[in-house]
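Architecture and fold: a report
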Amino acid sequence: MTHRFARTAGWLALPCLVAAGLMAWYVTREPASPFVDAQAIAADPALVSRGEYVARLSDCVACHSLPDGKPFAGGLEMATPLGAIHATNITPDRDNGIGSYSLADFDRAVRQGVAPGGRRLYPAMPYPSYAKLSDDDVKALYAFFMHGVQPARQANLASDIPWPLNLRWPIALWNGLFAATTPYADKAGQDALWNRGAYIVQGPGHCGSCHTPRGLAFNEKALDDSGKPFLAGALLDGWYAPSLRADHNTGLGRWSEDEIAQFLKTGRNRHAVVFGSMTEAFNNSTQFMSDDDLRAIAHYLKSLPGDPQRDGAPWQYVAESAATQLNSPGAHTYVTRCASCHGLEGKGQDQWMPPLAGATSALAKEDASAINITLNGSQRVVTAGLPDAYRMPAFREQLNDQEIADVLSFVRTAWGNQGGVVNAQAVGTLRGHTDPASSSPIILHMR
């Protein structure tokens, strides 16, 4: 009996050991790269300039730089569900940055989230999107970081994620399930403009990182237009990133291609002004894109169908003046605090003060953006190197939670808006978890 048990256990142990060995190999292996045998990249000015543009498309500076620090020296604290992590130094400093990286090392880190030695990067680095970068763009990006960025002797900061949650080998399994693995390939049946837009949006622009809802494993539910959740809107870090699909209420259904390109180039159009996290993306990325690339992005986004079932009945403007409803606490606060900029009829002032009638933040069921910007105001928008003269002020010191809930409830139910009422408790929660936006322009230099 004992011998039979031992023999059975032995046969069971064998496949378990094989499986464990395969698992160990999979999570520690160094991924393949097309640049393993590549020669050193020379300081070709044209290639470095091209790489700088790819870095703008990819908005590398936003995470890897601080306003008062050296470009790409890292240090930005980023909250995750497991704890805080800090962006790393990606200057060509050999001790603290990536100065010792070969082109293959750089490629594995950017497109596959694997640093030299097999260390897995947290997917706060958007390598699931960067996986779609072309070989030529990776090579140009490497040339820029090696020859166009000044080395910075700044040590990296350790994460605050406790053990055992800070073990990184499970990320390899996460990657196998949720990360893209190949560069973008042109889609048959679509023209060059559409494919260029798809490449930027899905790849370097990593728009899905904010605008695509996440699953239980914190994965983007879709990485391209083959999935309905792709760019359908998501709640992230106290903001609601709206749909970038043709949703009439919560997306770009009422925007023309020219208006999308205008928004990305100037930070505003007749529908909206950049605010929240999008301000930083505009200040440091989209305004530097070429007109051709902006047209390509707009063309691609307008091709993504909306979902009327999710989006609701199309918004229609209902004419009314806040001045006629002064018996309502929310309307009274709106007249005294908001109407001078946004108008008694909620229509704003041309392209300088955005309308609240029909605004995404007033139509979306998620009220985080409306609360956040009312509490904390907006960052300064910088266009062509000049700070904007207008910005949303913070009202966290002037209005209490109930007053903010009342005025937002008014805005989100007036003029045909369908967002619904706001709870004072939700205001209090965001008050405790957010900080006022800086009044200083946040635009980071690349060199």
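Everything below is about the structure printed above this text.
Let us look at the structure shown here. As the structure is a computational prediction, the values presented were derived from the model and not from experiment.

Rules of the game
- Residues numbered from 1 in each chain as written.
- Predicted model: local features only at pLDDT ≥ 70, side-chain atom pairs only at ≥ 80, totals over all residues.
- Heavy atoms only, no water.
- Phe/Tyr/Trp six-rings, centres within 6.5 Å; stacked < 30°, edge-to-face > 60°.
- Helix = DSSP H or I, 4+ residues; strand = E, 2+ residues; numbered from the N terminus.
- Buried < 20%, exposed > 50% of the residue type's maximum accessible area, 1.4 Å probe, protein only.
- Lys NZ or Arg CZ within 6 Å of the ring centre and 35° of its normal.
- 1 Å grid on protein atoms, 1.4 Å probe; cavity = no way out; pocket = protein on both sides within 12 Å on 5 of 7 lines; lining within 4 Å.
- Points joined across faces, edges and corners; volume = space filled by probe spheres on them.
- Nonpolar A, V, L, I, M, F, W, Y, C, P; charged D, E, K, R; others polar.
- Contact = heavy atoms within 4.5 Å.

Focus: the packing of aromatic side chains
Each aromatic ring pair is described using two quantities: the centre-to-centre distance and the angle formed by the ring planes. Applying the stated criterion across every chain yields a total of 14 aromatic pairs. Centre to centre, the rings of Trp194 and Tyr300 are 5.0 Å apart; their planes meet at 75 degrees, and the pair counts as edge-to-face. Here Trp194, found in helix α8 (residues 192-202), pairs with Tyr300, found in helix α12 (residues 291-301); they are 106 residues apart in sequence, far enough to count as distant. Judged by its relative accessible area of 4%, Trp194 falls in the buried class. Residue class for Tyr300 comes out buried when judged on its relative accessible area of 0%. Each member of the aromatic cluster is reached from another via a ring pair, and the members are Phe72, Phe106, Tyr142, Phe144 and Phe145. The ring centre of Phe288 lies 3.9 Å from the NZ or CZ of Arg56, which sits over that ring.

Considering the layout of surface pockets
In this structure, the second largest pocket spans a volume of roughly 340 Å³. Looking at the second largest pocket, it is lined by 22 residues, and the ones nearest its centre are Pro31, Arg111, Gln112, Ala180 and Thr181. Taken together, the elements giving at least two residues each to the lining of the second largest pocket come down to α4 (103-112) and α7 (169-178). Residue classes in the lining of the second largest pocket are distributed as 11 nonpolar, 6 polar and 5 charged.

A short note on the environment of Pro355
Residue position: Pro355 is located in the loop between α15 (339-342) and α16 (360-363). Along the chain, Pro355 and Val273 lie 82 residues apart, while their C-alpha atoms are 9.2 Å from each other. In contact with Pro355, other than residues within four places in its own chain, are Arg270, His271, Gly346, Lys347 and Gly348.

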